[in-house]
Amino acid sequence: MPLDPKRTVAELRELQELTGNADGAQRVAWTETWERARGWLREKLGGLPLEEEIDQAGNQWWTLRGASDRAVLIGGHIDSVPNGGWLDGALNVVAGVEVLRRLAEDGSPATTVRLVNWADEEGARFGRSLFGSSAAAGSMADQDELRERRDAEGVSLPDAVGAYDVELDGALEARSQLEGAAAYLELHIEQGPVLEALGLPLGVVLGTFGVERHQVTFRGQAAHAGSTPMDKRRDALAGAARLELEIREIASRVGDGAVCTMGGVVTRPGIVTSVVETAECLLDQRHLDAAKLAEMLSNAEAASRRFAQEEDVEVEWERIWSIEPILFDEGLISLADEAIREVAGESHRLPSGPLHDAAEVSRAGVPTVMLFVQSLRGLSHTKLEDTKEEHLELSVQALDRLAAKTIARVAAG
Ligand SMILES: [Zn+2]
């Protein structure tokens, strides 16, 4: 059976028909629709010489035994956000099915090849993304907090996952699945506008951005808007406003894809007749290079102190969340470039703003790479998410080439 990328597109439409409605995809993890999608996937792989298992975190695995026990993994997630798109996550899994068919047809591969459908990548129901992959990677460390989480209907996370035979305390046992993993490959839609702007169907992902997220609070003095002369004010919003403009300068100075966002400012007292006493700013900074991310952060801190002094207000920083950049494997990045050039002529390297299951696998020490296929208008997590069919077909071919090259490299040791 030669590779048939058109079949992948047809199967993705079939899955959308089966698990979506007029508002989009409804494959939210730990729901009946998600379970229907998992059953559909099982049927698709039914005729092939594979071993199937579901691990302790709810991840679905299919193993095609090869000459070597070292395994090349292909992974994706069939879960979606509510009213989601037809491709986010599902593309990787359904393309992986096609690659497994091709490999099985060619006989026993030189290495073992495994397809994984990660459980609950999106975290749509309980606000906890990368559930299955973080368990397998051994980085899930928030069980105590997860035990307390409830969905909008009041169902607890342990009860919801328990209905699918997952025991929260035992989820980390899924770690054994990554033993012997020699490489991890993931194809995903870009979910951003970069490849479309370049007119390229495919790109290689260098890694996922590191993130520094802070609350920055400026404190001045509330004072009457009519009786306080302009030179006597201690206006907290002035500090916040100057910082918002400065982070754009910082991002452009540091460059190489740097992004800084002030996503919100809450002012108090927040009435038209008073100078602002406190301005709480939410600041998100991202970069693929840890040193540059640290430089952006210290530049923003220094600027905020300068503005605070000049405006005669105080400033205070509190970290909300951070994660280090996760860089994918150099050797696999080169193979991915080759695979893309072979099927599409030109390749492009780009970072990923969103996190993906691949980041967890990479953090666990498994050499990892991702392929991005162009997203139309950069839209995702909406029913408007789309990619041209010809680009989807190229992406299946590129994944297949990358798998073949990776198997050959791993087998050669
Ligand atoms: Zn996804």
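In this text, all values refer to a predicted model and were calculated from it rather than measured experimentally.

Draft legend 1. Representation of a nonpolar patch on the surface within the structure. A cluster of nonpolar residues, Leu282, Ile320 and Trp321, forms a patch on the protein surface that exposes about 270 Å² of accessible area. One can find Leu282 in strand E11 (residues 278-287). On the basis of relative accessible area, Leu282 is assigned to the partly exposed category, the value being 40%.

Draft legend 2. Here's a closer look at the coordination of the zinc ion. Taken together, His77 (NE2), Asp88 (OD) and His188 (NE2) make up the full set of protein donors to the zinc ion, lying 2.0 to 2.1 Å away. Every donor residue of the zinc ion comes from the same chain, spaced as H-x10-D-x99-H. With His77 in the loop between strand E5 (68-76) and helix H3 (90-105) and His188 in strand E7 (residues 181-189), this pair connects stretches of sequence that are 111 residues apart.

Draft legend 3. Broad picture of the state of the cysteines. Applying the stated criterion across every chain yields a total of 0 disulfides. Looking at Cys260, it has no disulfide partner, and the nearest cysteine sulfur is the one in Cys281, 13 Å off.

Draft legend 4. How the structure looks around the layout of surface pockets. What the largest pocket holds in volume is close to 600 Å³. If you go around the largest pocket, you meet 27 residues; those closest to its centre are Arg128, Ser129, Leu130, Trp321 and Leu355. The residue inventory of the lining of the largest pocket, partitioned by class, reads 9 nonpolar, 10 polar and 8 charged. Approximately 220 Å³ is the volume found for the second largest pocket. Residue lining of the second largest pocket: 13 residues in total, with Glu190, Gly192, Pro351, Gly353 and Pro354 positioned closest to the centre. Here the element with the most residues in the lining of the second largest pocket is strand E14 (residues 349-352); it accounts for 3 residues. Taken together, the residues that form the lining of the second largest pocket break down as 7 nonpolar, 5 polar and 1 charged.

Cut-offs and rules
Residues numbered from 1 in each chain as written. Predicted model: local features only at pLDDT ≥ 70, side-chain atom pairs only at ≥ 80, totals over all residues. Heavy atoms only, no water. Patch = residues over 30% accessible without salt bridge, like charges linked within 9 Å, V, L, I, M, F, W, Y side chains within 5 Å. Areas by Shrake-Rupley, 256 points an atom, 1.4 Å probe, with all protein chains shown as cover. Salt bridge = Lys/Arg side-chain N within 4 Å of Asp/Glu carboxyl O. Helix = DSSP H or I, 4+ residues; strand = E, 2+ residues; numbered from the N terminus. Buried < 20%, exposed > 50% of the residue type's maximum accessible area, 1.4 Å probe, protein only. Donors = N, O, S within 2.8 Å, 3.2 Å for Na, K, Ca; no water. Disulfide = S-S within 2.5 Å. 1 Å grid on protein atoms, 1.4 Å probe; cavity = no way out; pocket = protein on both sides within 12 Å on 5 of 7 lines; lining within 4 Å. Points joined across faces, edges and corners; volume = space filled by probe spheres on them. Nonpolar A, V, L, I, M, F, W, Y, C, P; charged D, E, K, R; others polar.

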